[in-house]
Structure formats: structure tokens, C-alpha cells
Amino acid sequence: MAAPTRPPANTFFAKARKVYNPIGFSKGYNFILWFIFAGAMFGFALARMMFLNYNSIYCNPNSTGNGAGPGECWSYNRKDLYKIGIKMHLYTIIPASFLVVFQFVPFIRYKALLFHRTNGYIVVVLAVIGTVGAIIIAPVAFGGSLSVRAAVGLMSIMLLGALFLAIWNIKTLQLEQHRAWMLRAWFYVASFYDNTESLIVKYPTCQDPNAWVAVQGDMAGESTENIASALSLGFSMAIWLALAIHAIGIEVYLHLTPAETERLRKISFQRQQERGFKNPGSSGLTSDRLGDAEAWRPGADATAYPTSKGSDSDISKVAAA
């Protein structure tokens, strides 16, 4: 249970602490932010678990709206590569979205570190495979327009880049940067989210599966192809808008939690000093090491460890902040 940092302001906050202190949160605002964003991810994962049943639910031709968008499964199933791609994406990104929520529960990080590490590697592997699947299906997803392909490509670069930086920083024990980049990665992830004979009768050109046919986009249309066309038109706009919202949202989140960032950096300093790393407190990818930010200094409350062999760091030379 996390220890409160100050007395509760009133009875409501005193009772609220009984909810969030046992799972490791010492500050109410951290719990609220976690509940909103992690709760949304958790809800998404639970709501989409049924898609793991590919044939009976996701690509059920008799679906009443609980599966893929109209016409999407025809695009995926007409070519083995696309079918493999969508299955790779569904079978990995949904479990990863479920498991990653536990990575951000403080109690688990404090009391079950082995689970945190093991689960973290599983989540990263699943996310990478899911991203590869998304890249494979991008040419046909909701029409496969250049706008959709560009959005999927950009999201993939942002996600894989953030995961790489998160792993790099945890290997150098730069905990606050690991937290920041892992949060960014999963905020980016959160922004994603047939009857051939009758079509040939209405649109003879559809006899050629590679042909393009003009179809009116209308969510209130008479047939599924009208709905599919409308979804394709809106999907490219929605995916770019979602990416912008989530990319901005994570930066707001990180700027609202500077105390947690500073706390983790002090722990990083202690662990790096103990391991004999050069530049303890800034051994990872930090702005004061790579950029022109003012050099970070540990506070007087940061615990110093004896310098290990091979380290050029000297705690006696580090001034208190």
C-alpha cells in the first residue's frame, strides 16, 4: 500500500485513498489519470476480445454489426497475405492491449517485479507482431487509400520508435524516460482502432477483383456497400485525428505528472550509481546529456551508493539541487 504524502483535505479524499492507496497510488490525480486512460484501454481490449473468434464473429457474413466493417473481410480473405496480416494484428494487439494495463499498476511494479518484466517483454513482442500485421493489411484496410497507408506507416514508426527508446532507457536504468516512452507507445496504439455475387449483379465491373467502382457513401444507404464506402471516406480522416489527439494527450499527461518523473529519476540516479554507470541520473537518453538542458542534479534526499569499479562518477562532486 502506498503511503500518503500529506493529510487528506476532507472526508471524500480520505475515503478515496482507501481505493487507490492499496493499488500503489499515493496521489489522487495520478489515480484519476490512470483510471481514465488505462480504463479506456482495458475496456477496448475487453470489448474486442470477441474478435479473436475470426470466422464466427469478426468475419461472420451474417454479422449484424459486431464484426469487421462491411466488405473488409472480403478484402482480407481474397488473398492469403492479407488474411495472415489481419489475424496477426487481431491475435496480438488485442491481448497486448489487455496485458499492458497491468504494466502501469504501481502495486505490481513494486511487489511483483518479475511479473512486470516478463509481462513487459510479452507485451512488446505482441505489439511488434501486431504492427507488422497492420502494415500488411494497410493496402486494403478501409479502401487502402494513400492517406490510410501513410497513417498506418507513421503510427508504426512512432510505436516501434517509442518501444525501442523505452527498452533502451530501461537497459540503462533511466526509469523516468522508460516510463515516458512506454506511455507514448501505448497512447499511439490507442489511436488505431460478403456477398460477391450480388455486387457483380449491381456492379458488373466487380467481376475483376482489382477493379474500382464508384459507390455512393451513405451510412443510411440501402445496402452494405454504401455503408462501407462511407466508412472508407471517414476512416482516413478519423485515424489522423485520433493520432493527433493521442499524441498531444500523452504529452499533456507527462507534463501533469512531473513529480513522478522526478521521483523516478532519483531512483535512476541511485541504481545507476550503485551499478557504477557513468553520469548517474543521466545515463540514458536524457535532454541534459543529449541536448542543451541544464545538467540534472539529485536532491539531498537521493541516496548515494559507493562508486563501483570502472566508474568515473563521484558522488562527492554532485551538488544537491
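Residues numbered from 1 in each chain as written. Predicted model: local features only at pLDDT ≥ 70, side-chain atom pairs only at ≥ 80, totals over all residues. Heavy atoms only, no water.

Going by what an unreviewed UniProt entry lists, the protein chain is known as Microtubule associated protein and is assigned to Fusarium mundagurra.

Trainee: For the overall build of the protein chain, give the residues involved together with the corresponding values.
Mentor: Scanning the protein chain from terminus to terminus reveals 13 helices and zero strands. N-terminal to C-terminal, the α/β element order of the protein chain is α-α-α-α-α-α-α-α-α-α-α-α-α. Sorting the 321 residues of the protein chain into buried and exposed places 40% on the buried side. Total accessible area computed for the protein chain in this model is approximately 17,800 Å², and 64% of it derives from carbon and sulfur atoms. (Helix = DSSP H or I, 4+ residues; strand = E, 2+ residues; numbered from the N terminus. Buried < 20%, exposed > 50% of the residue type's maximum accessible area, 1.4 Å probe, protein only. Areas by Shrake-Rupley, 256 points an atom, 1.4 Å probe, with all protein chains shown as cover.)

Trainee: Before we move on, could you go through the environment of V105 and cite the residues and values that matter?
Mentor: Tracing the backbone shows V105 in the loop between α5 (80-100) and α6 (106-111). We classify V105 as buried; its relative accessible area is 11%. The spatial distance from the C-alpha of V105 to the C-alpha of G24 is 7.1 Å, given a sequence separation of 81 residues. Residue contacts for V105: discarding those within four places in its chain leaves I23 and W34. (Contact = heavy atoms within 4.5 Å.)

Trainee: I'd like a description of the packing of aromatic side chains, backed by residues and values.
Mentor: By convention here, two paired aromatic rings are described through the distance between centres and the angle between planes. The tally for this structure, following the rule as stated, stands at 14 aromatic pairs. Following the ring pairs from residue to residue traces out a cluster consisting of F25, F31, W34 and F35. Sitting over the face of the ring of W181, R184 holds its NZ or CZ atom 4.4 Å from the ring centroid. (Phe/Tyr/Trp six-rings, centres within 6.5 Å; stacked < 30°, edge-to-face > 60°. Lys NZ or Arg CZ within 6 Å of the ring centre and 35° of its normal.)

Trainee: Now, about unusual backbone geometry: what can you tell me, with residues and values included?
Mentor: Even without being a glycine, L173 presents a positive backbone phi close to 60 degrees. Structurally, the position occupied by L173 is in the loop between α8 (146-171) and α9 (175-189). Despite not being glycine, N279 has its phi angle at roughly 50 degrees, a positive value. You can see N279 is positioned in the loop between α12 (258-275) and α13 (287-290).

Trainee: Now, about the pattern of salt bridges: what can you tell me, with residues and values included?
Mentor: Overall, the coordinates contain four salt bridges when judged by the stated rule. Between E176 and R265 there is a salt bridge, with its nearest N and O atoms 3.7 Å apart. An identical accessibility class is assigned to E176 and R265; each is buried. Linking R265 and D288 is a salt bridge whose minimum nitrogen-to-oxygen distance equals 3.0 Å. Of this pair, R265 sits in helix α12 while D288 sits in helix α13, placing them 23 residues apart in sequence. Residue classification places D288 among the buried residues on the basis of a relative accessible area of 16%. (Salt bridge = Lys/Arg side-chain N within 4 Å of Asp/Glu carboxyl O.)

Trainee: Give a description of the packing of helix α2 (residues 28-48) against α5 that names residues and reports values.
Mentor: A pair of packed helices is captured by two measures, namely the crossing angle of their axes and the spacing between those axes. Orientation of α2 relative to α5, taken along the N-to-C sense of each, is 145 degrees, at an axis distance of 8 Å. Of the two elements, α2 crosses α5, and the hand of that crossing is left-handed. Touching M41, F42, F44, A45, L46 and R48 of α2 are I94, S97, F98 and V100, all from α5. When the residues that make up the contact of α2 with α5 are grouped by side-chain class, the tally is eight nonpolar, one polar and one charged. (Axes fitted to C-alpha atoms, helices over the stretch in contact; angles between N-to-C directions. Left-handed = near helix turned anticlockwise from the far one by under 90°. Nonpolar A, V, L, I, M, F, W, Y, C, P; charged D, E, K, R; others polar.)

Trainee: Please set out the packing of α9 against α12 residue by residue, giving values where relevant.
Mentor: Contact geometry of α9 with α12 gives a least axis separation of 7 Å together with a crossing angle of 135 degrees. With respect to α12, the element α9 is oriented oblique. From α9, L175, E176 and R179 reach across to α12, where they touch E260, T261, L264, R265, I267, S268 and R271. The residue inventory of the contact of α9 with α12, partitioned by class, reads three nonpolar, two polar and five charged. (Parallel < 35°, antiparallel > 145°, perpendicular 65-115°, else oblique.)

Trainee: Please set out the nonpolar core residue by residue, giving values where relevant.
Mentor: Counting 48 residues, the largest nonpolar core has Y58, Y76, L163 and W186 as the members making the most contacts within it. Looking at this core element by element, the count peaks at eight residues for α9. With sequence-adjacent residues up to four places away left out, Y76 is seen in contact with Y54, Y58, Y82, K83, I86, I137, V140 and A141. With eight residues, the next largest nonpolar core counts V148, A151, V152 and M155 among its residues. (Core = buried A, V, L, I, M, F, W, Y, C linked by side-chain atoms within 4.5 Å.)

Trainee: Before we move on, can you summarise a nonpolar patch on the surface with the specific residues and values?
Mentor: Where nonpolar side chains cluster on the molecular surface, the patch consists of I32, F35, I36 and F37 and spans about 400 Å² of accessible area. Note on placement: F37 falls in helix α2. F37 gets classed as partly exposed once you look at its relative accessible area, which sits at 34%. (Patch = residues over 30% accessible without salt bridge, like charges linked within 9 Å, V, L, I, M, F, W, Y side chains within 5 Å.)

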